[in-house]
Amino acid sequence: MPKKRSLEEKSADPAAREMLAYAEEMGISTAFERADALAPCNIGAAGLCCKLCGMGPCRLTKDGATGICGATIDTIQARNLIRAIAAGAAAHSDHGRDMAFTLKAVANGEAEGYMIRDVAKLRTVAARYDIPIEGRAPEEIANDLADLYIAQFGQQNGRVVPTVRAPEKRQKLWEERGVIPRGIDREVVEALHRTHIGDDQDPRHILHHAIRTAIADGWGGSMIATDVSDILFGTPAPLLGQANLGVLKEDMVNVIVHGHEPTLSEMIVAASQDPEIIEYAKAAGAKGISLSGICCTANEILMRQGIPAAGNFLHQELAILTGAVEAMVVDVQCIMQALVKLADNFHTKIITTSPKVRIKGATHIEFDEHRALTIAKEILKVAIDNFKNRGETRIPQDRADLIPGFSHEYINYALGGSYRGSFRPLNDAIMAGRIRGVAAIVGCNNPRTQQDFMHVYVTERLLKEDVLVVETGCSAIASAKSGFLLGEAGLEKVGPGLREVCEAIGIPPVLHMGSCVDNSRILTVLTQMVEEGGLGDDIDQLPAVGLAPEWMSEKALAIGTYCVASGAYVIFGGSNPVSGMPDRVADSTLIEQYISEGWEELYGGKMEFVTDPDEIIRRTLEHIDKKRADLGLPAYDPNRFGRSGDARIHELEALPLEERRAAIYGARAK
Ligand code: SF4
Ligand code: MSK
């Protein structure tokens, strides 16, 4: 009988606990409760089940077992893994494709309500690909860039162009290893072809193509999605935001946008500020419209517009439980089918908008970028009309302030200034040991683990060890809810050296860098650190680690794999899709060994699955310290820094006057 967890075991977030208690009271099912009731199949979870043909499914539970076709455990695990990576790469990249088509429509004046907001970024990106920019209108440049980007998806030969933005040494390594992606769709299709019954049956050869497919995502589809979003909606810079369910408003029409693509959500933001719509809401008895986000759509509009985030992945059901949401508008990815049934208990309308996504029982209002503003207004009117149907509400009062919006462009500016943007101060701080290293903490929530706990625990521990943390996706929202994304408040929990740097530059200790596709920003930051000098000549030499402590989506596996291909050490928490049976003979499966030691030999990066958070921390710090030593940098010493800047001023202020004088002026004061 599966164990029923307490509220505390289900979530680290008080707002979530309050709503889960309410769900129990009402007898309403949530993902948390379903995770307790539905034990995972340990054969499938370990990657040992193959259902690639009608002779199966073949479930292999003993060392040396094979499927009916003779496929071994190693082959089956490799096939399952590459299929997940291909699905993740497809999701990110299809998002990138839609963004590129929107850019094309905007360039040709065919997209209602959109404009090119960041001309400087358009010119910078276009110039990287030798698209002429001088003396040309932004629309002309955008049209050429859109054509180039659209072509990357169907390209058959050559190289996916954003790969030229990787460090030179990395590009050479990829060329030598034969993993430069030729076309984004081509690599995804080939991953599926190779894993059809009777195709590629050498696990290492299968995983070689997994690397190529993942690079097509990180240095292809995802990078395109991020570039175009910035060009159309503005490159993020810090602003003030809020996160958690307490952002919902009792006296306003609450509309939540959930999913991933900013095209519709940005237009809903614009429509919600339209005087005609505000009047319509007032006529319905509300004070106005309160917009908020869930998952990565939340990150997109939070970091560009300051629109609050109602929560991360596991908050989607909890938001509806408040009874205060008139409409949840969804597009693609991470949307639970359970929302519709749950919403039946309340007045909330679930509105699907993507031509790719329908949910039985939901209202479908299809989005079309050519009529975006009109459709956004239509959606808001449906929500406003629903306000009168609202019953009793229960909105938790938990909400935290945060400062999101740390694009790599802004970090460059913050460190170097507007005339000479530079990563020099960051590299110097790492070289001196003030900052021990960098960790990118990314990825989802998973109802099989305590919501947010792993994200927050790992973040907190690494900050104390003077590790600068950058975050995206649901991890960033977990940190936002916990107060790490707010300059001064977050600094209390930070090691002395890192604290000095944050105070000197004026940044929070955890930098919110955006949504899942924006992990491509992290690739850019790592590349800029390499190019700045002093920390080696490729990403695998940096004292940096990538972590996905509560992962659940196939996209997370694609992200992890392109980070490994780029040279990073990546640790996943939670379940291990290549673990093998618990009673297996060997310590680790061949695939586990290959994606760790094998990939490290080939790419300098490695992938591991670790459930214990303390072990995640230990391996992270060990790796960072090893990379520091390999670079010949001084060993990290926590007592060396932290007595300058604001910290020193606070210490001095606490001293009696005479002692303070003596401390400041030394012998001269006497
Ligand atoms: Fe079984 Fe082979 Fe078919 Fe997989 S491909 S289901 S291992 S027979
Ligand atoms: S939304 S992929 S749960 S991070 Fe990007 Fe969050 Fe993971 Fe979805």
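Definitions and cut-offs
- Residues numbered from 1 in each chain as written.
- Chains lettered and ligands numbered in written order.
- Predicted model: local features only at pLDDT ≥ 70, side-chain atom pairs only at ≥ 80, totals over all residues.
- Heavy atoms only, no water.
- Near = heavy atom within 4 Å.
- 1 Å grid on protein atoms, 1.4 Å probe; cavity = no way out; pocket = protein on both sides within 12 Å on 5 of 7 lines; lining within 4 Å.
- Sits in = over half its atoms within 2 Å of the grid points.
- Nonpolar A, V, L, I, M, F, W, Y, C, P; charged D, E, K, R; others polar.
- Domains from an automatic or database assignment.
- Points joined across faces, edges and corners; volume = space filled by probe spheres on them.
- Helix = DSSP H or I, 4+ residues; strand = E, 2+ residues; numbered from the N terminus.
- Pairing = 2+ DSSP bridges.
- Axes fitted to C-alpha atoms, helices over the stretch in contact; angles between N-to-C directions.
- Contact = heavy atoms within 4.5 Å.
- Phe/Tyr/Trp six-rings, centres within 6.5 Å; stacked < 30°, edge-to-face > 60°.
- Buried < 20%, exposed > 50% of the residue type's maximum accessible area, 1.4 Å probe, protein only.
- Polar contact = N/O pair within 3.5 Å; in protein donor to acceptor, adjacent residues only side chain to side chain.
- Core = buried A, V, L, I, M, F, W, Y, C linked by side-chain atoms within 4.5 Å.
- Right-handed = clockwise from strand over helix to strand, strands pointing away.
- Salt bridge = Lys/Arg side-chain N within 4 Å of Asp/Glu carboxyl O.

Colleague: Just checking my understanding: could you explain the site of ligand 2 for this structure?
Modeller: Residues in close proximity to ligand 2 include H260, C295, C296, F313, C334, G443, C444, C474, C516, M552, S553 and K555, which together make up its full environment. The cavity that encloses ligand 2 is the second largest cavity. Here the residues of the shell around ligand 2 sort into eight nonpolar, three polar and one charged. When residues are assigned to domains, the shell around ligand 2 turns out to be shared by domain 3 (241-389) and domain 4 (408-574 + 611-637), each giving three or more.

Colleague: I tried to follow the site of ligand 1 on my own but got confused; where do I start?
Modeller: Taken together, C50, L52, C53, M55, G56, C58, G67, I68, C69, I76, R79 and I197 make up the full set of residues near ligand 1. Of the domains in this structure, domain 1 (7-59) and domain 2 (73-233) are the two that each give at least three residues to the shell around ligand 1.

Colleague: What should I look at first to understand empty space enclosed by the protein in this one?
Modeller: The rolling of a water-molecule-sized probe over the atoms marks out the regions of remaining empty space. Taken as a whole and judged by the stated rule, the model has eight cavities of 30 Å³ or more. A volume near 310 Å³ is recorded for the largest cavity. For the largest cavity, the lining is made up of 32 residues, of which A439, A440, V470, I522 and L526 are closest to its centre. Listing elements by their share of the lining of the largest cavity, those giving two or more residues are α17 (408-416), β11 (437-441), β12 (467-471), α22 (496-505), α23 (519-532), β14 (544-548), α24 (554-565) and β15 (569-572). The dominant element in the lining of the largest cavity, judged by the number of residues it contributes, is α23, at six residues. Grouping the constituent residues of the lining of the largest cavity by class yields 29 nonpolar, three polar and no charged. Of the pockets and cavities examined, the second largest cavity occupies roughly 130 Å³. Mapped by element, the contributors of at least two residues to the lining of the second largest cavity are α20 (473-481) and α24. In terms of residue count, α24 provides more of the lining of the second largest cavity than any other element does, three residues in total. When its residues are assigned to classes, the lining of the second largest cavity shows 10 nonpolar, six polar and one charged.

Colleague: Help me understand the sheet that holds β15 in this model?
Modeller: Adjacent strands of a sheet form backbone hydrogen bonds with each other and so pair up, either parallel or antiparallel. Read across the sheet, six strands follow the order β13-β12-β11-β14-β15-β16 without closing on themselves; strand pairing throughout is parallel. The outermost strands of the open sheet, each flanked by one partner alone, are β13 (510-512) and β16 (606-609). Adjacent strand axes in the sheet meet at a mean angle of 20° when their direction is disregarded. Pairing between β14 and β15: four bridges, direction parallel. By the bridge assignment, L547 is partnered in β15 with I571. Contacts between α20 and the sheet are confined to β11, β12 and β13, with β12 contributing the most and set at about 115° to the helix.

Colleague: Please explain the packing of aromatic side chains as it appears in this structure.
Modeller: Pairs of aromatic rings are described using the distance from one ring centre to the other and the angle between the two planes. What the rule picks out here adds up to 10 aromatic pairs. Geometrically, the ring pair formed by Y114 and F233 is tilted, given 6.0 Å between the ring centres and 55° between the ring planes. You can see Y114 sitting in the loop between α5 (73-107) and α6 (119-128) and its partner F233 sitting in helix α10 (residues 203-233), a full 119 residues away along the chain. We note that Y114, like F233, is buried. With 5.3 Å between their ring centres and 25° between their planes, F453 and Y457 make a pair best called stacked. Placement of both F453 and Y457 in helix α19 (residues 453-464) is noted, with a separation of four residues, approximately one turn of the helix. By relative accessible area, Y457 is classed as partly exposed at 24%. Put simply, the rings of F406, Y410 and Y413 touch in pairs and so form one group of aromatic residues.

Colleague: Explanation requested: the side chain of H347 in the structure shown.
Modeller: Within the element layout of this structure, H347 appears in the loop between α15 (338-343) and β8 (349-352). Judged by relative accessible area, which is 11%, H347 ranks as buried. A polar contact of 2.7 Å, which involves the side chain of H347, links it to the side chain of E326. Excluding anything up to four places from it in sequence, H347 contacts G323, A324, V325, E326, N386, N389 and R390.

Colleague: Before we go on, may I ask you to explain the nonpolar core in this structure?
Modeller: Among the nonpolar cores identified, the biggest contains 105 residues, and L207, L462, M529, F572, I595 and W599 are the most heavily contacted of them. Apart from residues no more than four positions distant in its own chain, L207 is found in contact with A78, L81, I591, Y594, I595 and W599. Membership of the second largest hydrophobic core comes to 60 residues, among which are L145, V160, I268 and I384.

Colleague: Mind showing me how you'd approach the pairing of strand β5 (residues 289-294) here?
Modeller: Counting buried positions along β5 gives six out of six residues, so the element sits mostly inside the fold. Burial along β5 is two-sided: I289, L291 and G293 facing one way and S290, S292 and I294 facing the other are all buried. The sheet contact formed by β5 and strand β6 (residues 309-311) spans two bridges and is parallel. Of the residues in β6, the one forming a bridge with I294 is G311. A crossover connection joins β5 to the parallel β6 through helix α13 (residues 295-305); in handedness this β-α-β unit is right-handed.

Colleague: Hey, could you run me through the pattern of salt bridges in this one?
Modeller: Two side chains of opposite charge can pair, provided their charged atoms sit close to one another. For the structure on display, the rule yields 49 salt bridges. Taking the shortest distance from any N to any O, the salt bridge between D230 and R304 comes out at 2.7 Å. Of the two residues, D230 is situated in helix α10 and R304 in helix α13; the sequence distance between them amounts to 74 residues. Each member of the pair, D230 as well as R304, carries the same accessibility label: buried. One continuous salt-bridge network, built from bridges that share partners, spans K121, R165, D227, D230, E300, R304, E409, D518 and R521.

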